[in-house]
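# Analysis of the macromolecular model
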Amino acid sequence: MTVLKSYPFYSLLIFFFSALIIISGCGKDQKTSETKKGNESKETAADKKNSQVSPGKEFFYAKSSSNNIACADCHGDGTNSDRPLTKYFSDIKGADKRKSTFMGKFTGEDVIKTAGGATLCWEAYMKMKTPLTPEQINSLNEYYASVGNPDSPQEITYETIALPVKDKTKLKAEQNKILSLKGNPDNGENKFKESCGVCHGMNSTVKKIPGILEDYDGNTKSITYNVRFGDGAMPFFKMNVLSEQDIADIAEYIMKVNSKKQ
Ligand code: HEC
Ligand code: HEC
């Protein structure tokens, strides 16, 4: 019979599949098992967790070679809330599953294709001239999924006048409102340190940033413009994270520091 004749073949097949099942069972929660080699038995569970850095996570934490800022400086993944700017920008948990990002700028399939709009962040905020590669986009999407909750793909909504296009009429109203408020320089200093200092602070490690704590000849209006619209590598700040009073306070602080210097 053919079955008997091919006995060695079938047993080999069975052996192969059971080995495969065992191997894949062991690597169940090791998405990056291919990056780990050898000597696993000596590692503790904690060691294992630390050494399991996925390519997407690594990329998320890598500093831009152009201006030295990382995705993780602006966005939270659930573990980096100690970085001050993560309070001001959306977190990326489950961003691959969102129906739209950037308040509707990227929708449908474009969400996956752009890694949730990270292509824009890469070019505008990280000042990179070569586009994200398909591999980098894939690994970012995988990272969003690995830190997200698959059952609740969270849409991020917020209030901004920078999207879908910069609304100049609303900016004017915003500028006039902020000009009518009395700024508190002490709150301004605190807010500045937290939301602007990463880039504009004296000890900033981010490159290619204009210093605005000395010789800044702008005013409340121009500061409001930058904060609400963003400018080149400067991200815009949403209404719900930085209030009109906060901007009035920050402007008061910037002006106070500059007038002392002159
Ligand atoms: C200088 C800060 C900054 C950096 C650096 C940055 N981004 Fe962004 N990102 C923004 C801003 C601003 C927005 C739009 C407003 C918001 O979502 O808070 C945004 C939006 C996003 C969104 C869409 C959020 C949503 O659902 O609307 C994703 C995903 C994202 N960024 C991923 C990345 C990745 C990945 C990197 C690194 C390659 C990166 N960003 C680098 C500032 C930044
Ligand atoms: C992620 C880094 C980053 C953060 C955070 C940031 N800025 Fe900026 N800012 C920039 C960059 C880069 C520019 C230069 C933009 C350009 O001309 O391309 C800039 C420009 C400016 C300017 C114009 C300077 C000039 O000489 O014309 C002002 C004013 C300003 N920022 C204010 C602020 C304030 C206020 C905050 C906090 C609410 C802030 N920025 C947060 C990066 C940042």
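Data block above holds the structure.
Residues numbered from 1 in each chain as written. Chains lettered and ligands numbered in written order. Predicted model: local features only at pLDDT ≥ 70, side-chain atom pairs only at ≥ 80, totals over all residues. Heavy atoms only, no water.

### Some remarks on the coordination of the iron atom of ligand 1
Here is the rule we go by: A donor here means any N, O or S atom no more than 2.8 Å from the metal (3.2 Å for Na, K and Ca); water is not included, so a site may seem to lack partners. Under the classification used here, a metal with four donors is tetrahedral if each angle lies between 85 and 135 degrees, square planar if opposite donors are over 155 degrees apart and the others between 65 and 115, a six-donor metal meeting that same test is octahedral, and anything else is irregular. Under the scheme used here, helices are H or I runs from DSSP no shorter than 4 residues and strands are E runs no shorter than 2 residues, and both carry numbers assigned from the N terminus. Partly exposed residues are those whose accessible area sits between 20% and 50% of the maximum for their type, while under 20% is buried and over 50% is exposed, using a 1.4 Å probe and protein chains only.
The coordination sphere of the iron atom of ligand 1, as far as protein atoms go, consists of H75 (NE2) and C121 (SG), spread over 2.0 to 2.3 Å. One can describe the site at the iron atom of ligand 1 as octahedral: its six donor atoms subtend angles covering 86 to 178 degrees at the metal. Taken together, the residues span a long stretch of sequence, with H75 in the loop between α5 (71-74) and β1 (100-101) and C121 in helix α7 (residues 118-124) at a distance of 46 residues. You'll find H75 and C121 in the same group, each marked buried.

### Re the coordination of the iron atom of ligand 2
Distances from the iron atom of ligand 2 to its protein donors, H200 (NE2) and M234 (SD), fall within 2.0 to 2.2 Å. Classification of the site at the iron atom of ligand 2 rests on its six donor atoms, whose angles at the metal span 85 to 178 degrees, yielding the label octahedral. You can see H200 sitting in helix α10 (residues 185-200) and its partner M234 sitting in the loop between α11 (220-229) and α12 (244-261), a full 34 residues away along the chain.

### Regarding the site of ligand 2
Here is the rule: Any residue with a heavy atom positioned within 4 Å of a molecule or strand is treated as near that molecule or strand. Contacts described as polar in this section are N or O atom pairs within 3.5 Å, which, within protein, must combine one atom able to donate a hydrogen with one able to accept it, while residues neighboring in sequence count only if both atoms come from side chains. For this classification, Asp, Glu, Lys and Arg are treated as charged, while Ala, Val, Leu, Ile, Met, Phe, Trp, Tyr, Cys and Pro are nonpolar and the rest, including Gly, are polar.
In the vicinity of ligand 2 lie 20 residues, with C196, C199, H200, N226 and M234 positioned nearest. Between ligand 2 and H200 there is a distance of 2.8 Å, counted from a nitrogen atom to a side-chain nitrogen or oxygen. Where the shell around ligand 2 is concerned, the elements lending two or more residues are α10 and α11. In terms of residue count, α10 provides more of the shell around ligand 2 than any other element does, four residues in total. For the shell around ligand 2, the residue count by class is 15 nonpolar, three polar and two charged.

### So, the site of ligand 1
What surrounds ligand 1 is a group of 24 residues, the closest being C71, C74, H75, S90 and C121. Side-chain polar atom of H75 to a nitrogen atom of ligand 1: 2.7 Å apart, as the coordinates give it. Between an oxygen atom of ligand 1 and a side-chain N or O atom of K238, the distance comes to 2.6 Å. Of all the elements in the fold, those that place two or more residues in the shell around ligand 1 are α5, α7 and α8 (134-147).

### Describing the pattern of salt bridges
To be explicit about the condition: In what follows, salt bridge is the name for a side-chain nitrogen of Lys or Arg lying within 4 Å of a carboxyl oxygen of Asp or Glu.
Considering all chains together, one arrives at eleven salt bridges under this definition. Put simply, K63 and D73 hold a salt bridge, and the shortest N to O gap is 3.1 Å. Of this pair, K63 sits in the loop between α4 (55-61) and α5 while D73 sits in helix α5; the two residues are ten residues apart in sequence, bridging distant segments of the chain. Given a relative accessible area of 42%, K63 falls into the partly exposed group. Across the pair K113 and E109 runs a salt bridge, and its minimum N-O distance is 3.4 Å. With a gap of four residues between them, K113 and E109 both fall in helix α6 (residues 109-113), about one helical turn apart. Here K113 falls in the exposed class, since its relative accessible area comes to 52%. One network of salt bridges, with partners in common, ties together K63, D73 and R83.

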